[in-house]
Amino acid sequence: MKFLVIGGGGREHAIVWKLSQSRHTDKIFCCPGNAGISELAECISVNDNNFDALLDFVRYEGIDLTIVGPEAPLSKGIVDVFEKNGRKIVGPNMKAAQLEGSKLFAKDLMKRCGIPTAEYKAFTSYLHAEDYVRMKGAPIVIKADGLAAGKGVIVAETVEEAIAGLRLIMKGRAFGDAGNKVLVEECIRGEEASFMAFTDGKTILPMVSAQDHKRIFDGDKGPNTGGMGAYSPAPVLTPELEAIVMDKVMRPAIKGLQSDGIKYKGILYAGLMIKENKPSVLEFNCRLGDPETQPVLARLKTDMVDIALAIADEKLSNINLEWRPEPSVCVVMASKGYPGAYEKGQVIEGLNDVKKMDNIFVFHSGTSLSRDNKVVTSGGRALGVTALGRDIRDAKNKAYNAVEKIHFKGMHYRKDIADRAINRFKMHDTPL
Ligand code: AMP
Ligand code: GLY
């Protein structure tokens, strides 16, 4: 069978890598892909906003199934266009993708369905929003309603910071139309975890849990990033809590959408805050998380093609997910300047040494091939290095051993990925 993967980051490299292991796979295309992906798939440069051009490509090549990585094409309706034209595709349609595309849509659904989430109020008027912030006091969270490339959330420690955030979004229009509506939310403290599931709109199959590291510096300091590393499982999500998340979050969300006439197919990702053993939903995403997908798919034993086809054909109840028991740790290596303006074009050395190592997977995020065929950096997050280990500490050590073999000028990475999980086990003395 032939597959097309939309996207070009670490998430898509991990998807392509899993597809490439399937007995069903003859050929994979990726749009736009990256240098790492190009070792497993043919990278194509069709404009991924031009769904008609993608559809033409799929018809011309006789592609059997398309898998969409990022949220933007989902929110713009790529699934609707493909399905209308009888093409199999994995991802929610435009209406369903509002779950990520509009925070207000997601919050209203949560409220209606009794899904635990922070208290909130939505505003279109700056003055009303400011009054409300002053009344509530800090800490408080300000969110642009629409897609803002992960940057539209301000966790304000003071009222001044919150008002500066409102100004930035509503008056400065920092995120354009995404800030036409703003949510002001109660701030919840706790431990974050990512809970992702495959769903065909009827059956929901949870993946193993993961934890991301959003801040740029060790000890969760500095500005937010797309994610500097992740590990799986997230020990904060005990099996009992996972069952609660399925009952109180995932099933009600899919059912609630269904009762509004929306069938949700693809990946459902709940960003959770766990406080005193209770989950609360910070956000829903309509796609796999990045970097979480890298350590999560590294543990997946089930054939990815079987899963993807079962989602598209609405036969997910036939699938039994199997996972490797070993935990995994992913360390992201970033370019100089990231998460601000970053350097590009640095030659990455040492990748071949790492290829020889067992249970180490280097997924490329922002790389390309130079004219003389060298792998060079082209994005803020350049690589994710994932390792499987006997336990989480072993996985961490293996990941960092591999990271030390890789070099590019200006590179930086966090040194404390997975320490939270390791410390938790020290505290409770429970082996993983
Ligand atoms: P989101 O894009 O909604 O996940 O928000 C990005 C990040 O902001 C989350 O990963 C949290 O770290 C933080 N955040 C979002 N909502 C809240 C909240 N209500 N309370 C505290 N932190 C939050
Ligand atoms: N790593 C967080 C996300 O993918 O949204």
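Residues numbered from 1 in each chain as written. Chains lettered and ligands numbered in written order. Predicted model: local features only at pLDDT ≥ 70, side-chain atom pairs only at ≥ 80, totals over all residues. Heavy atoms only, no water.

Visitor: I'd like a description of the environment of I140, backed by residues and values.
Guide: Relative to the helices and strands, I140 resides in strand β7 (residues 140-144). For the pair I140 and K275, spaced 135 residues apart in the sequence, the C-alpha separation amounts to 17 Å. Contacts of I140, omitting those with residues within four sequence positions, involve V133, I154, V155, A156, A162, V184, E185 and C187. (Helix = DSSP H or I, 4+ residues; strand = E, 2+ residues; numbered from the N terminus. Contact = heavy atoms within 4.5 Å.)

Visitor: Account for the sheet that holds strand β19 (residues 360-364), with residues named and values stated.
Guide: One open sheet accounts for five strands, arranged β12-β15-β18-β22-β19; its pairing is antiparallel. Two strands in the sheet have a free side with no partner beyond their single neighbour: β12 (211-212) and β19. Relative to strand β22 (residues 381-388), β19 runs antiparallel, the two being bridged by five bridges. Of the residues in β22, the one forming a bridge with I360 is A387. (Pairing = 2+ DSSP bridges.)

Visitor: Run through the pairing of strand β8 (residues 153-156), naming residues and quoting values.
Guide: For a regular strand, side chains alternate in direction, first toward one face of the sheet and then toward the other. Residue alternation in β8 divides its side chains into a buried set, I154 and A156, and an unburied set, V153 and V155. Of the strand pairs in this sheet, β7 and β8 are connected by four bridges, and their pairing is antiparallel. For V141, the partnering residue across the bridge sits in β8 and is V155. (Buried < 20%, exposed > 50% of the residue type's maximum accessible area, 1.4 Å probe, protein only.)

Visitor: Outline the site of ligand 1, supporting the account with residue identities and numerical values.
Guide: Near ligand 1 you find 15 residues, and of these E185, E186, I188, E192 and E283 are the closest. Side-chain polar atom of E185 to a nitrogen atom of ligand 1: 2.8 Å apart, as the coordinates give it. The contact in question runs from a nitrogen atom of ligand 1 to an N or O atom on the backbone of E186, over 2.9 Å. Protein chains bury 91% of the 470 Å² of accessible surface belonging to ligand 1 in isolation. Sorting the residues of the shell around ligand 1 by element identifies β7, β8, β9 (182-186) and β17 (278-285) as the ones contributing at least two each. A breakdown of the residues in the shell around ligand 1 according to their chemical character gives eight nonpolar, no polar and seven charged. (Near = heavy atom within 4 Å. Polar contact = N/O pair within 3.5 Å; in protein donor to acceptor, adjacent residues only side chain to side chain. Areas by Shrake-Rupley, 256 points an atom, 1.4 Å probe, with all protein chains shown as cover. Nonpolar A, V, L, I, M, F, W, Y, C, P; charged D, E, K, R; others polar.)

Visitor: Before we move on, could you go through the sheet that holds β7 and cite the residues and values that matter?
Guide: The strand order β6-β9-β7-β8 describes an open sheet built from four strands, whose pairing is antiparallel. In this open sheet, the two strands that pair with only one neighbour each are β6 (120-123) and β8. Each adjacent strand pair in this sheet contributes to an overall mean axis angle of 20°, direction not counted. Alignment of β7 against β9, held across five bridges, turns out to be antiparallel. In the sheet register, A144 faces β9, and the bridge partner there is V182. In this fold helix α8 (residues 159-171) packs onto β6, β7, β8 and β9, with an angle of close to 5° to the strand it touches most, β7. (Axes fitted to C-alpha atoms, helices over the stretch in contact; angles between N-to-C directions.)

Visitor: Mind laying out the packing of aromatic side chains, listing which residues take part and the relevant values?
Guide: Tallied over the full model, the rule gives six aromatic pairs. Residues F123 and Y132 carry aromatic rings whose centres are separated by 5.2 Å and whose planes lie at 50° to one another, so their mutual orientation is tilted. Take F123 and Y132: they sit in the same class, and that class is buried. Ring centres of F361 and F363 lie 6.4 Å apart, and the angle between their planes is 15°; on these two criteria the pair is classed as stacked. Owing to a relative accessible area of 15%, F361 belongs among the buried residues under this scheme. Taking the relative accessible area as the measure of exposure, F363 reaches 1% and is therefore buried. Here a set of aromatic residues connected by ring pairs shows up, and it is made of W17, F361 and F363. (Phe/Tyr/Trp six-rings, centres within 6.5 Å; stacked < 30°, edge-to-face > 60°.)

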